[in-house]
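Listed below, chain by chain, are the residues.
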Amino acid sequence: MFRDGPLSRRVPETIRYGTGRCALGALLVAESERGIVSIMVRDTPSQLIRDLGARFPKAKLVRDEKGSKATVAKVARYIAAPSRAFALPLDIRGTDLQQRVWREVRKIPFGETSTYTRIAEAIGAPKAIRAVASACSRSWFAFAVPCHRVLHTGRRQEGRQYDWVEYEAKLARIRKP
């Protein structure tokens with residue numbers, strides 16, 4: 001999880017968020033003044049709020065269901081059909097390596113997957129496989145930065161990311177003529 005370092009002394013930022021439902025469960029979209037800072041899909045709304053607090057422990061979190069309603073609806077529609085690039089502005093925060101990983105991950109086409117090894121090679125750091133895996137696990141942008149499309153090599157693992165890959169594969173089969 002990327003957080004401000006211990007030496008930063010800034011006024012706590014305000015993060016506005018709204019919640020709703022999407023095809024995969026409870027949805028939360030959080031925004032700063034510069035764009036979306038987090039898109040989370042969980043089983044329950046209480047998990048969303050708890051995870052948002054953990055993600056932004058120093059921020060002033062403001063529930064803004066009315067103001068965020070349109071953004072939450074757009075994100076839910078995107079999750080229902082993630083075949084095109086995510087078009088809403090993102091305020092992506094992370095280390096330089098994480099930023100490079102997430103930019104590369106956003107290039108993976110809908111219905112396709114990659115591996116941590118291929119992403120590491122693509123960003124010019126072929127030995128940084130574990131760092132790529134770590135960056136993917138720290139992405140707070142469900143579907144907008146589709147880290148669920150980056151898989152381990154070898155046998156299928158368990159977890160939400162694999163469920164989301166199967167969800168996209170099902171959508172891809174439905175879309176084919």
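Refer to the structure printed above.
All residue numbers refer to positions counted from 1 along the written sequence of the respective chain. Two thresholds apply to this predicted model, a pLDDT of at least 70 for residue-level local features and 80 or more for giving and counting side-chain atom pairs, whereas whole-chain, interface and lining totals are computed over all residues. With hydrogens and water excluded, all non-hydrogen atoms of the structure serve as input to the side-chain values.

Peer 1: I'd like a rundown of the side chain of Glu-104, residues and numbers included.
Peer 2: Helix and strand labels come from DSSP, where a helix needs a run of H or I of at least four residues and a strand needs a run of E of at least two; each type is numbered from the N terminus. Tracing the backbone through its elements, the reader meets Glu-104 in helix H3 (residues 96–105). Apart from residues no more than four positions distant in its own chain, Glu-104 is found in contact with Ile-119, Ala-122 and Ile-123. Whether two residues are in contact is decided by their heavy atoms, any of which lying within 4.5 Å being enough.

Peer 1: I'd like a rundown of the packing of aromatic side chains, residues and numbers included.
Peer 2: Stacked, tilted and edge-to-face are the three classes assigned to paired rings of Phe, Tyr and Trp, where Trp is represented by its six-membered ring and a pair needs centres within 6.5 Å; plane angles under 30 degrees give stacked, over 60 edge-to-face, the rest tilted. As enumerated under the stated definition, the model contains 1 aromatic pair in all. Centre to centre, the rings of Tyr-78 and Phe-86 are 5.0 Å apart; their planes meet at 85 degrees, and the pair counts as edge-to-face. We call a residue buried when its accessible area falls under 20% of the maximum for its residue type, exposed when it is over 50%, and partly exposed in between, using a 1.4 Å probe and counting protein chains only. Classification of Tyr-78 by relative accessible area gives buried; the value is 6%. Exposure remark for Phe-86: the relative accessible area of 9% places this residue in the buried category.

Peer 1: Describe in detail helix H5 (residues 129–137), supporting the description with residues and values.
Peer 2: Listed in full, the buried residues belonging to H5 are Val-132, Ala-135 and Cys-136. What you see down the axis of H5 is that its buried residues fit within an arc of 100 degrees, all on one side. Away from its buried face by more than 90 degrees, H5 exposes Arg-130 and Ser-137. Looking at the buried positions of H5, the neighbouring elements they touch are H3, helix H4 (116–122) and strand S6 (150–151). Starting at the helix axis, one direction is taken to each C-beta atom, and the arc is that of these directions.

Peer 1: How would you summarise the pattern of salt bridges if you had to cite specific residues and measurements?
Peer 2: Salt bridges, as used here, are contacts in which a Lys or Arg side-chain nitrogen is within 4 Å of a carboxyl oxygen on Asp or Glu. All chains considered together, the criterion is met by 7 salt bridges. Of the charged contacts in the structure, one is a salt bridge between Arg-93 and Glu-13, with a shortest N-O distance of 2.5 Å. Of this pair, Arg-93 sits in the loop between helix H2 (65–80) and H3 while Glu-13 sits in the segment before strand S1 (14–22); the two residues are 80 residues apart in sequence, bridging distant segments of the chain. The class of Arg-93 is buried, set by a relative accessible area of 16%. Note that Asp-51 and Arg-42 form a salt bridge whose closest N and O atoms lie 2.6 Å from each other. Relative accessible area serves as the criterion here: at 13%, Arg-42 is assigned to the buried category.

Peer 1: Lay out the sheet that holds strand S2 (residues 25–31) with the relevant residues and their values.
Peer 2: Strand pairing is defined by DSSP finding a minimum of two bridges between the two strands. Read across the sheet, 4 strands follow the order S3-S2-S1-S4 without closing on themselves; strand pairing throughout is mixed. What marks the edges here is a single partner per strand, and that holds for strand S3 (36–42) and strand S4 (60–63). Each neighbouring strand pair of the sheet contributes to a mean axis angle of 25 degrees, computed without reference to strand direction. Taken together, the 6 bridges between S2 and S3 define a ladder with antiparallel strand orientation. Bridging from a neighbouring strand, Leu-28 pairs with Met-40 of S3. Contacting S1, S2, S3 and S4, H2 runs over the sheet at an angle of about 50 degrees to S1. For helices, the fitted line uses only the C-alpha atoms of the stretch in contact; every axis is such a line through C-alpha atoms, and the angle between N-to-C directions lies from 0 to 180 degrees.

Peer 1: Give a detailed account of the pairing of S1, specifying residues and quantitative values.
Peer 2: When S1 meets S4, the two strands line up parallel, connected through 4 bridges. Its bridge partner being in S4, Thr-14 is matched across the sheet by Lys-60. Where S1 and S2 come together, 7 bridges link them in antiparallel fashion. From the neighbouring strand, Arg-16 faces S2, where its bridge partner is Glu-31. Between the antiparallel neighbours S1 and S2 lie 2 residues.

These figures capture arrangement, not role.
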